[in-house]
Amino acid sequence: MSASNFAKWHGIERSEIPWGPTIDEDKCVGCGLCVVTCSEKRNVFGFDEKEKKAVVVNPDNCMVGCNNCQVACLWNAISFPSVAGVKDAVRKLMDEGQIKKELELKLGAGYQAITKS
Ligand code: SF4
Ligand code: SF4
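Novice: A description of the site of ligand 1 should follow, citing residues and the corresponding values.
Specialist: In the vicinity of ligand 1 lie 13 residues, with C28, C31, C34, A54 and C73 positioned nearest. For the shell around ligand 1, a count of residues per class yields eleven nonpolar, two polar and no charged.

Spelled out as structure tokens, the structure:
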């Protein structure tokens, strides 16, 4: 899957959503756990062989709301923006019609039954 597959998040330009990991280089011990924790398809992290540290190379490929790498980092070197701030930003950009379309696709007849009752 190419990076462009993550260009939109439920119809919103992913680059407009302020969500992604930041690595504190002073805390990073270069264990690589974050690199192997994140999905290969997303390819958010790279590894600087010279400095022996993880680096963020594709922040916009980070799945909105995920913080698995932060939880996995035993040295607390990874941080994320505030969830409340991201929700505020997304609320302004959200197109509810897009979500209804996605629900319909996902639930099919089930969705139609819900909306008729
Ligand atoms: S898991 Fe933490 S300490 Fe290990 S490479 Fe990633 S950021 Fe650095
Ligand atoms: S939060 Fe999830 S998707 Fe984002 S970089 Fe970390 S592991 Fe990958």
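Novice: Describe the site of ligand 2, listing the residues and the values that go with them.
Specialist: Every residue near ligand 2 is listed here: P21, T37, C38, R42, V44, C62, M63, C66, N67, N68 and C69. Of the residues contributing to the shell around ligand 2, the split by class is seven nonpolar, three polar and one charged.

Novice: Tell me what's going on with helix α4 (residues 96-107), and back it up with residues and numbers.
Specialist: Under the 1.5 Å per step criterion, the end-to-end length of α4 is 16 Å for twelve residues, consistent within 8% with the ideal 16 Å. Following α4 by one or two positions, G108 adopts a phi angle in the positive range, close to 55 degrees.

Novice: Give me the pairing of strand β5 (residues 53-56): which residues, what numbers.
Specialist: As judged from the four bridges shared by strand β4 (residues 45-48) and β5, these two strands associate in the antiparallel manner. Its bridge partner lying in β5, F45 is registered against V56. With antiparallel pairing between neighbouring strands as the criterion, β4 and β5 make up a hairpin whose turn holds four residues, including K52 at a positive phi of roughly 60 degrees.

Novice: Please provide a residue-by-residue account of the nonpolar core, values included.
Specialist: Ranked by size, the top nonpolar core spans 13 residues in total, and within it C34, C38, F45, C69, C73 and I78 carry the most contacts. Contact partners of F45, with chain neighbours within four places excluded, come to C34, V35, C38, A54, V55, V56 and V57.

Novice: An account of the environment of A72 is requested, with residue identities and associated values reported.
Specialist: Mapped onto the elements, A72 comes out in helix α2 (residues 68-72). Judged by the 14 C-beta atoms lying within 10 Å of it, A72 is partly exposed. Measuring from C-alpha to C-alpha, the distance between A72 and L107 comes to 33 Å, with 35 residues separating the pair along the chain. Not counting residues up to four positions away in its chain, the partners in contact with A72 are L33, C34 and T37.

Novice: Please give an account of unusual backbone geometry that cites residues and values.
Specialist: The backbone of N43 sits at a positive phi, close to 55 degrees, despite the residue not being glycine. Turning to its location among the elements, N43 is positioned in the loop between α1 (33-37) and β4.

Novice: Quick one: what's the story with the environment of L107, residue by residue and with numbers?
Specialist: Along the polypeptide, L107 turns up in helix α4. On the basis of neighbour counts, which here come to 13 C-beta atoms within 10 Å, the residue L107 falls in the partly exposed class. Along the backbone, L107 and S82 are 25 residues apart, and their C-alpha atoms lie at a distance of 31 Å.

The rules we used
Note that residues are indexed from 1 along each chain, following the sequence as it is written. Whichever chain is written first is A, and whichever ligand is written first is 1; the rest continue in order. Two thresholds apply to this predicted model, a pLDDT of at least 70 for residue-level local features and 80 or more for giving and counting side-chain atom pairs, whereas whole-chain, interface and lining totals are computed over all residues. Using the backbone to place each C-beta atom, any residue with that atom within 6 Å of a molecule or strand is considered near it. Think of it as three bins: nonpolar holds Ala, Val, Leu, Ile, Met, Phe, Trp, Tyr, Cys and Pro, charged holds Asp, Glu, Lys and Arg, and polar takes everything else, Gly as well. Helix and strand definitions follow DSSP, with helices as H or I runs of at least four residues and strands as E runs of at least two, each counted in order from the N terminus. To estimate how far a helix should extend, the number of its residues minus one is multiplied by 1.5 Å. Here, any two strands with at least 2 DSSP bridges between them count as paired. A set of buried residues drawn from Ala, Val, Leu, Ile, Met, Phe, Trp, Tyr and Cys, joined through C-beta atoms within 7 Å, is what defines a nonpolar core. For every residue, the other C-beta atoms within 10 Å of its own C-beta are counted; 20 or more classify it as buried, 12 or fewer as exposed, and values in between as partly exposed. C-beta atoms are placed from the backbone. Whether two residues are in contact depends on their C-beta atoms, placed from the backbone: they are in contact if these lie within 7 Å.

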